[in-house]
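# Commentary on secondary and tertiary structure
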Amino acid sequence: ELRDYVRKISGAELPIVSAPTNAVPVKIYVGRSAYTDKLGISSEGLKHGAYRMVSGPDWLVLLGHDADFEPREPWPRTAGDYPKTQAAWEKIYGGTCANPMNWYGGPVTSFSKPAKVWKQDQGGSLQAVYAFLRDLGVRWYMPGELGEVVPEKKTIALPDVKRAVQPDFAIRNLYWGNRFSQATRDDILWWLRLGMNDGSEVLGASMQVHGMRMIQGNKAMQEAHPEYYALYGNKRDTEFRGTGHACFSSPGLQRETIKYLRAAFDHFDEAAMDLWPQDGYHHCGCELCKEKAPSDLVFGFVDRVARELYKTHPNKLITCGAYGSYVYPPGSIERFTPNVAIYISNRGRPTFDDPDRWQEYWSTIEGWRAKLAPGHIIRGENNLYDKRLVIHPRAYARDLRALKGISLGDICEVPRGRSQQWENPGVNHLNYYVQSRLLWDAGQNLDALLDEYYKLFYGPAADAMKSALEYAEKHYARRGPAGLSLEDQVQFTEKLLAARNQAGDTVYGRRIQAIMDELPTLEKLNAELKAKREAGDPRKNAPVAFGCDLPGPADRPVYKLRGIVDGAEPEVETKFTVG
């Protein structure tokens, strides 16, 4: 990367050698070597992609903590290896829960052949190279050559520099599920250039979310111990999405989970293991579970397991997600054991410019902080916006600035297309770029960052694109299925078209066109808007609904709504029944 971009900037081709020569008067030492040791410059204290950049009279050191990921056996090289690696793991652990290295296809799905990297690799020296190139004016706003800005310089000066840079957040994961190995080289390089990582130094290399699937998702356990699974009516759910749902009051499931986690920590030396329930949580209806609130049930189980693990593995984390019906802190736990970390997930980050939404969200954060060890919050936000024009750099800034020193970082799922490329990079890239820069330095000047983006990426159309994208940010329809209403989509597309015409047939125009190509055309939007207006108010001629007595037993149960946060009675009583 250093050689290629120096050539793009200046035309000079720097040789890559393993020992200094006299061919070039200045030496750039990339990564640790005997030469950096002699200079007394090390990677000590640098974690999570942190780096040092130090210069001398005729040398420059770009150095960070580097480690090549090596999966621990038994792990599958192909899908055909799963039975063999599962059997080997069961022999080690003495149970039927899944081999952590088999889940989501195993480590092999974490290796990119085009880029020749594992997503778990630690590349601090690479981040030092990228920082040096950014100092020279290089920017990577979008995947591929169209997305990069490279200045032209005939001379590159040796900087006078001595600095160490530690990211504000340890975890910086734009998350593709198990598709890292299928992504294009351009996409992988953009992920690296943004300074992303997979968080495995903190979270381990195996299943980082919805980890209960590893424990309950096997036929042998489902058949031998149906009592470990949630009860609905008279049936235990062992089938939902292949794993079923857990009964978190089951003593047997708790014992099995403790045994499994200890074996995983002992054998694979994972930094953390996850107990997040299967997605689509259903509340167990057994006598021990049914009267408990979801948060009390899920996190009571997590805390009980974690307290046992703390006795034997105090330096390992137990994680779980606060999500859906169990997003709020459990009232039954005053303080978690110190080895618990919680993902605060899907809180609607794009809406955080709304004072009420922000207050509700931040009160949830504060509630969790009061119960967890310092810094043991992780943010998870599904950025599955596709082409819905959910532009929200200021909401990102508000969240990440407030979370600095509180959160370990972000795991954010992003849309990816059938081609395994990042979905709609034209529409979505600004969000990810801003997020990446703030995850490294949450306190930086956002307006300056955005002004630089508009100037460098859109050239003569900078002001027009700023107007367009700020319009999308301001008019985001928070409760609609689209990022903008139909009327606002027309306005936004007209602004894009004006900017495109202003930029002309240049690289700036092609970047604007990349956004427009992902969106409906102005003609299509206008046709839809015309049809909507001609149809008129859909409520105007709608049938009137009448209340009536339901047939059936007179003693049908009546349910009352109550506050989801605190269980309080609402000011206006609301009741319903079902028939």
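Procedures and definitions
Residues numbered from 1 in each chain as written. Predicted model: local features only at pLDDT ≥ 70, side-chain atom pairs only at ≥ 80, totals over all residues. Heavy atoms only, no water. Phe/Tyr/Trp six-rings, centres within 6.5 Å; stacked < 30°, edge-to-face > 60°. Lys NZ or Arg CZ within 6 Å of the ring centre and 35° of its normal. Axes fitted to C-alpha atoms, helices over the stretch in contact; angles between N-to-C directions. Helix = DSSP H or I, 4+ residues; strand = E, 2+ residues; numbered from the N terminus. Parallel < 35°, antiparallel > 145°, perpendicular 65-115°, else oblique. Left-handed = near helix turned anticlockwise from the far one by under 90°. Contact = heavy atoms within 4.5 Å. Nonpolar A, V, L, I, M, F, W, Y, C, P; charged D, E, K, R; others polar. Core = buried A, V, L, I, M, F, W, Y, C linked by side-chain atoms within 4.5 Å. Buried < 20%, exposed > 50% of the residue type's maximum accessible area, 1.4 Å probe, protein only. Pairing = 2+ DSSP bridges. 1 Å grid on protein atoms, 1.4 Å probe; cavity = no way out; pocket = protein on both sides within 12 Å on 5 of 7 lines; lining within 4 Å. Points joined across faces, edges and corners; volume = space filled by probe spheres on them.

Within this structure, the stated rule accounts for 40 aromatic pairs. Here the aromatic residues Trp 276, Tyr 281, Phe 299, Tyr 323, Tyr 326, Phe 336, Tyr 343 and Trp 368 are joined through ring pairs into a cluster of three or more. Here the basic side chain of Arg 77 rests over the ring of Trp 75, its NZ or CZ set 3.9 Å away from the ring centre.

This part covers the packing of helix H16 (residues 486-503) against helix H17 (residues 507-516). The contact between H16 and H17 brings their axes to 8 Å, and the two run at 155°. Relative to H17, H16 is oriented roughly antiparallel. Note on packing geometry: the crossing formed by H16 with H17 is left-handed. Touching Leu 496, Leu 497, Ala 499, Arg 500 and Ala 503 of H16 are Tyr 508, Gly 509, Ile 512, Gln 513, Ile 515 and Met 516, all from H17. Counted by class, the contact of H16 with H17 contains eight nonpolar, two polar and one charged residues.

Our focus in this paragraph is the nonpolar core. Formed by 157 residues in total, the largest nonpolar core has its most connected members in Phe 299, Tyr 458 and Phe 492. Here Tyr 458 is in contact with His 429, Tyr 453, Met 465, Leu 469, Tyr 508, Arg 511, Ile 512 and Ile 515, once residues within four sequence places are set aside.

This part takes up the sheet that holds strand S14 (residues 272-274). Read across the sheet, six strands follow the order S11-S18-S17-S16-S15-S14 without closing on themselves; strand pairing throughout is parallel. One side of each edge strand has no neighbouring strand; the edge strands of this open sheet are strand S11 (171-175) and S14. For this sheet, the mean inter-axis angle between neighbouring strands, taken without regard to orientation, is 20°. Bridging between strand S17 (residues 377-380) and strand S18 (residues 407-413) involves three bridges; their strand directions are parallel. Residue pairing in the sheet places Arg 379 in a bridge with Asp 410 of S18. Where helix H13 (residues 425-440) meets the sheet, it contacts S11 and S18, and its direction lies at approximately 165° from that of S11.

Bringing empty space enclosed by the protein into the picture now. Following the criterion strictly, the structure yields four cavities of 30 Å³ or more and no others. Quantified by volume, the largest cavity comes out at close to 250 Å³. Grouping the amino acids of the lining of the largest cavity by side-chain chemistry returns nine nonpolar, nine polar and two charged. Reported here for the second largest cavity is a volume of approximately 50 Å³. If you go around the second largest cavity, the residues you meet are Lys 119, Asn 173, Leu 174, Tyr 175, Trp 176, Gly 177, Phe 180, Trp 191 and Asp 198. In terms of residue count, the dominant contributor to the lining of the second largest cavity is S11 (three residues). Its residues assigned to classes, the lining of the second largest cavity shows five nonpolar, two polar and two charged.

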